[in-house]
Amino acid sequence: MKFDYYKASSINEALALKRKYSERSAFLAGGTDLMIKIRMKRFAPLTLINIKDINELQGIQNTDEYIRIGPLVTLSEIAKSDLLKNEIPILPETALMMASPQVRNLGTIGGNLCNAAPSADMAPPLIALDSDVILVSEKGEEKIKLEDFFKGPGESVLKNDKILKSILIPKPADGFKMTYRRHTLREAMDIAIISAAVGFLQVDGNIQSSRIVLGAVAPIPMRAKKAESLLDKYDGTNKIFETVAVAAMNESLPINDVRGTLEYRREMVKVLIKRTLGELFN
Amino acid sequence: MKIPINLNINGDPYELYVETHLSLLDVLRDVVGLTGTNRGCNQGDCGACTVLFNGKAVNSCLLLAADADGGEIVTIEGLDREGKLNPIQQTFIDEGAVQCGYCSPGMIMQAISFLEENPEPTEIQVKEAIEGNLCRCTGYKKIVNAIMKASEILRNSK
């Protein structure tokens, strides 16, 4: 499978190359998803545009309100970042759950999002943290919620003319608790059968701003909003966990595939949410 | 499409003119002739093709040779010094960690990268470190022993 290959050294150059070679082309970052797609003949590109050398897409930056992660930051860099370990430990923890050390040394956080797999592990925690993303086209920049970024399996709002420039994560308030759990047959390398990020703000025993984000149970990583509003009504007893878990199960829209049946996935949403809530409230 | 690339492989400079669709693994094995790096699954699952790229362990099947342009690569062939095996290679032999041998180069390259960052690992950490390396002989126990023993030798030699 032959293809042409160009290297871009700036966002503008990358966008110009993408416009010039718009037919069957792709941006190449870590390549850990893209190379497999090409080899499995699920994608036959005419042109790849390497964006790895673009400085503006690198780095982790700290501000008062949020942390900015450049899309080219590798999963290893996220796992090892002291800034993230201190401020948003769920992100290094999630990165470490993914793939293998060798894949994490290549694979990027931006690639995980732009590949737009319903099972993308970085998506549920980042959505539960209310992250924004900055997209850039030749017409300019726009900021949208990460929640609105995904459009279907393998599809995002990025069309031929846009590039993901930044992931902005608001710093969690004091009293914010969160966890991300995945259900897999094998811990390493495996893709989640289902996964869930659960987060909330606990103030004087009350629960606010609950977030329940499910992976691999719908065409896109999805918020279970009914379950979230039920969790906001937490009454100090564990009885509500079952209600919340059943609501999340009923909101999920899984399919049958090689990793699990529709029925199994629905049931496991309930189990995983109950388990996760038990851990968070312990 | 062919492009010129420069690679430093095991300390030697290579000026190559390669097809852009070739992986680093393809180039190492079929162009340069270093066949110690093995091709297992060719999709990043098995770790048999692990090499060090700019000091980090990566699956060479997932990296285009074009992307590696300007980089430093270390393969299993580049580990011995003055005819003496690297301590990790030696402990793999001493502990009987090599059965069919197919996974060994990848295991050893991953172990080198891991021990550099974690000179005093626990057994659990060693097991996690080789989560991306499959041994179809399932001789994991001896591989873990070999890496633990190598960490000891490396610590004592410093």
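Along each chain, residue indices are assigned from 1 in the same order as the chain's sequence is written. Each chain gets a letter, beginning with A, and each ligand a number, beginning with 1, in the order they are written. The predicted origin of the model limits local features to residues at a pLDDT of at least 70 and limits the giving and counting of side-chain atom pairs to 80 or more, whereas totals for whole chains, interfaces and linings rest on all residues.

**A short note on the overall build of chain B**
What counts, and what does not: The helix and strand labels rest on DSSP assignments: H or I over at least four residues marks a helix, E over at least two residues marks a strand, and numbering proceeds from the N terminus. Exposed residues have 12 or fewer other C-beta atoms within 10 Å of their own C-beta, buried residues have 20 or more, and residues in between are partly exposed; the C-beta atoms are placed from the backbone.
In terms of helices and strands, chain B carries 5 helices and 5 strands. Helices (α) and strands (β) of chain B occur, in sequence order from the N terminus, as β-β-α-β-β-β-α-α-α-α. Counting only C-alpha atoms and orienting by the principal axes, one finds that chain B spans roughly 45 × 30 × 25 Å. A buried classification covers 47% of the 158 residues belonging to chain B.

**Here's the deal with the overall build of chain A**
Applicable threshold: Using C-alpha atoms as the atom set, the radius of gyration is obtained and then compared with a globule rule of 2.2 Å times the number of residues to the power 0.38.
When helices and strands are tallied, chain A shows 11 helices and 14 strands. For a compact globule of 282 residues, the expected C-alpha radius of gyration is about 19 Å, and chain A comes in at 19 Å, within 12% of that figure. Structurally, chain A occupies a C-alpha span of about 60 × 45 × 35 Å along its principal axes. Going through the 282 residues of chain A one by one, you find that 49% of them count as buried.

**Observations regarding helix α1 (residues 11-20) of chain A**
Residues three or four positions apart in an α-helix share a direction because the helix packs 3.6 residues into each turn. Quick note on the threshold: Directions pointing from the helix axis toward each C-beta atom define the arc.
Among all positions in α1(A), only Ala14(A), Leu15(A) and Lys18(A) are buried. On an axial view of α1(A), the arc spanned by its buried residues comes to 95°, and they lie on one face.

**Quick look at the nonpolar core**
Heads up, the rule is: What we call a nonpolar core is a set of buried Ala, Val, Leu, Ile, Met, Phe, Trp, Tyr and Cys residues whose membership is set by joining through C-beta atoms within 7 Å. In this description, any two residues whose backbone-derived C-beta atoms lie within 7 Å of each other are considered to be in contact.
Ranked by internal contacts, the top residues of the largest apolar core, which has 139 residues, are Ile194(A), Ile212(A), Leu214(A), Val244(A), Ala248(A) and Ile273(A). At 7 residues, helix α3 (residues 104-117) of chain B tops the list of elements feeding residues into this core. Beyond its immediate sequence surroundings of up to four residues, Val244(A) is in contact with Ala227(A), Leu230(A), Leu231(A), Ile273(A) and Leu277(A).

**Some points on the domain arrangement of chain B**
Residues and elements named next belong to chain B. How we decide: Just so you know, the domain bounds were taken from an automatic or database domain assignment.
Here chain B is partitioned into domain 1 (2-76) and domain 2 (87-156). The straight-line distance from the C-alpha centre of domain 1 to that of domain 2 is 22 Å. Contacts between the two partners involve 14 residues from domain 1 and, on the opposite side, 12 residues from domain 2. Contributions of two or more residues to the side of domain 1 that touches domain 2 are made by β3 (50-53) and β4 (56-59). A total of 3 residues in the side of domain 1 that touches domain 2 trace back to one element, the largest contributor, which is β3.

**Concerning the sheet that holds strand β1 (residues 2-9) of chain B**
Residues and elements named next belong to chain B. The line we're drawing: Pairing between strands requires that DSSP locate at least two bridges from one strand to the other. Helix axes use the C-alpha atoms of the stretch in contact, all axes being lines fitted to C-alpha atoms, and the angles between their N-to-C directions lie in the range 0 to 180 degrees.
Pairing is mixed across the open sheet formed by 5 strands, whose spatial order is β2-β1-β5-β3-β4. Sheet topology places β2 (12-19) and β4 at the edges, where each strand pairs with a single neighbour. Taken over all neighbouring pairs, the strand axes of this sheet differ in orientation by 40° on average, direction set aside. Here 2 bridges tie β3 to strand β5 (residues 72-74), and the two strands are oriented antiparallel to one another. In the sheet register, Leu52 faces β5, and the bridge partner there is Val74. With respect to the sheet, helix α1 (residues 24-32) is in contact with β1 and β2, its orientation differing from that of β2 by roughly 100°. Contacts from α3 reach β3 and β4 within the one sheet, and its direction differs from that of β3 by about 35°.

**Some words on unusual backbone geometry**
A positive phi angle, near 45°, is found at Arg24(A), a position not held by glycine. Locating Arg24(A) in the fold gives a position in the loop between α1 and β2 (25-28). A positive phi angle, near 50°, is found at Asn10(B), a position not held by glycine. With respect to the secondary-structure elements, Asn10(B) resides in the loop between β1 and β2. Overall, Asn10(B) belongs to the partly exposed group, with 18 C-beta atoms counted inside 10 Å.

**Topic: the packing of α3(B) against helix α5 (residues 140-156) of chain B**
In a pair of packed helices, the angle between the axes and the distance between the axes together describe the arrangement. Residue and element names in this part refer to chain B. The test is simple: Throughout, the term roughly parallel applies to angles under 35 degrees, roughly antiparallel to angles over 145, roughly perpendicular to angles from 65 to 115, and oblique to all others. A clockwise turn of the near helix away from the far one marks a right-handed crossing, whereas an anticlockwise turn of less than a right angle marks a left-handed crossing. Residues are grouped as follows: nonpolar covers Ala, Val, Leu, Ile, Met, Phe, Trp, Tyr, Cys and Pro; charged covers Asp, Glu, Lys and Arg; every other residue, Gly included, is treated as polar.
Contact pair α3 / α5: the axes reach a minimum separation of 11 Å and the direction vectors enclose 40°. Considering their axes alone, α3 and α5 lie oblique with respect to each other. Here α3 and α5 pass one another in a crossing that is right-handed. Contacts between α3 and α5 pair Met107, Ala111 and Leu115 from the former with Ile143, Ile147, Ala150, Ser151 and Leu154 from the latter. Of the residues assigned to the contact of α3 with α5, the class counts are 7 nonpolar, 1 polar and no charged.

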